[in-house]
Amino acid sequence: MAKISSVFNKMNLIFLVLLLAIVMVGEFVMESMHLPTWPAFIVMIFFFMAHMNMKEVPAILLGSAFGMINLVLIESWVVSTVPLLGGNLTKYTDPHTVEAIFYSKLIYIALFISLIVFLKDILPWIFNNYSFMCFTIAAAISGGHTAAAIAAKTVAGHANAVAAAGGDPAVIEAMKGATDKAIASSVPVTNVYQWIGIELIGGACFVLGIYGILKFLVKLEAASPKVQIAK
């Protein structure tokens, strides 16, 4: 176990201050552009997990992007395979369709995992644990977005129905405008291609920033005077 004195030292303090500066800049830039930050930060986390090894960066960036793009591929897969499994996508809530969608996704996930197992040594930059993790995270976030959208549209539908029951065209139009605006401003949008762009550009900027900090600390430590022990 590391001693307290070896943890709370000058170099760690400088690293922390510079790292927080990079994080805050990233937050402010992406927030000002109304962009999600998680795709960039997941790259930073992966980089730390890889012990800040620059040789691992291509696998992190490309593998993560591949994982996210599978969110698009699985949608096409579901559309193509659900009818073969007895489902009807025009009846999305029908029990048979729900079951067919479930099995379709299971088959896709099984194929995805199989490709990682068999191709991880052939195309390690693409088929790796980073792609698996990002596919899982992107799917979870997308599912949350979908649930939020359904809930918001359901509430908006009830509100519009109440307004319509009153029969006043002005009230109906005002309610529709208000609910449309509320949905647009509050329901998150799933944009996989935007996520990939943020992951590649923002993530790469974070990695380069951290690498720059490490290089700076190495030079700083080399320039620091060494304490000589008197004999």
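Quick caveat: nothing in here was measured; it's all calculated off a predicted structure. (Residues numbered from 1 in each chain as written. Predicted model: local features only at pLDDT ≥ 70, side-chain atom pairs only at ≥ 80, totals over all residues. Heavy atoms only, no water.)

Q: A description of the overall build of the protein should follow, citing residues and the corresponding values.
A: Helix and strand counts for the protein come out as eight helices and zero strands. Counting helices and strands in the order they occur from the N terminus, the protein gives α-α-α-α-α-α-α-α. Roughly 14800 Å² of accessible area belongs to the protein as shown, and the carbon and sulfur atoms make up 72% of that amount. (Helix = DSSP H or I, 4+ residues; strand = E, 2+ residues; numbered from the N terminus. Areas by Shrake-Rupley, 256 points an atom, 1.4 Å probe, with all protein chains shown as cover.)

Q: Quick rundown of the confidence of the model for the protein? Include the residues and the values.
A: Caution applies to low-pLDDT parts of the model: their predicted coordinates are not meant to be read in detail. For the protein, mean pLDDT is 84; residues scoring 70 or higher make up 76% of the total. The low-confidence segment residues 227–231 (pLDDT under 50) makes zero contacts with residues lying over four places distant or belonging to another chain. (pLDDT = per-residue confidence, 0-100. Contact = heavy atoms within 4.5 Å.)

Q: I'd love a proper account of the nonpolar core, names of residues and values included.
A: Of all hydrophobic cores here, the largest spans 45 residues; its most connected members are M44, I60, M68 and F206. Mapped onto this core, the elements with two or more residues apiece are α2 (10–32), α3 (38–49), α4 (57–81), α5 (95–119), α6 (129–166) and α8 (192–223). Considering every element that reaches this core, the biggest residue donor is α4, with ten residues. Contact partners of I60, with chain neighbours within four places excluded, come to V43, F46, F47, A50, Y130 and E199. (Core = buried A, V, L, I, M, F, W, Y, C linked by side-chain atoms within 4.5 Å. Buried < 20%, exposed > 50% of the residue type's maximum accessible area, 1.4 Å probe, protein only.)

Q: Can you explain the layout of surface pockets? Please cite residues and give values.
A: Here the largest pocket defines a volume of roughly 630 Å³. Lining of the largest pocket is provided by 24 residues; of these, L71, I74, E75, K105 and S142 occupy positions nearest its centre. Those elements that place two or more of their residues in the lining of the largest pocket are α4, α5, α6 and α8. For the lining of the largest pocket, the per-class residue count stands at 16 nonpolar, six polar and two charged. (1 Å grid on protein atoms, 1.4 Å probe; cavity = no way out; pocket = protein on both sides within 12 Å on 5 of 7 lines; lining within 4 Å. Points joined across faces, edges and corners; volume = space filled by probe spheres on them. Nonpolar A, V, L, I, M, F, W, Y, C, P; charged D, E, K, R; others polar.)

Q: An account of unusual backbone geometry is needed here, citing residue identities and associated values.
A: Look at H51: it is not a glycine, yet its phi comes out positive at around 60 degrees. Position of H51 among the secondary structure elements: in the loop between α3 and α4. Its identity is not glycine, yet M52 carries a phi of approximately 55 degrees, on the positive side. In this structure, M52 sits in the loop between α3 and α4.

Q: Requested: an account of α3, with residues and values cited.
A: If you check α3, its first and last C-alpha atoms are 16 Å apart, about what twelve residues at 1.5 Å a residue would give, namely 16 Å. With respect to burial, α3 is a largely interior element, nine of its twelve residues being buried. For α3, the set of buried residues is W38, P39, A40, F41, I42, V43, M44, F46 and F47. H51 lies just past α3 and shows a positive phi near 60 degrees. (Expected span 1.5 Å × (residues − 1).)

Q: So what about the environment of M133? Which residues, and what values?
A: Along the polypeptide, M133 turns up in helix α6. A relative accessible area of 40% places M133 in the partly exposed class. Along the primary structure M133 and I42 are separated by 91 residues, whereas in three dimensions their C-alpha atoms are 9.5 Å apart.

Q: Provide a residue-level description of the packing of aromatic side chains, including the pertinent values.
A: A complete count under the given rule lists ten aromatic pairs for this structure. Both rings, one in F112 and one in F135, keep their centres 4.8 Å apart while their planes meet at 65 degrees; by these two values the pair is edge-to-face. On the criterion of sequence distance, the pair formed by F112 in helix α5 and F135 in helix α6 is long-range, its members being 23 residues apart. Classification of F112 by relative accessible area gives buried; the value is 3%. Its relative accessible area of 7% is what places F135 among the buried residues. (Phe/Tyr/Trp six-rings, centres within 6.5 Å; stacked < 30°, edge-to-face > 60°.)

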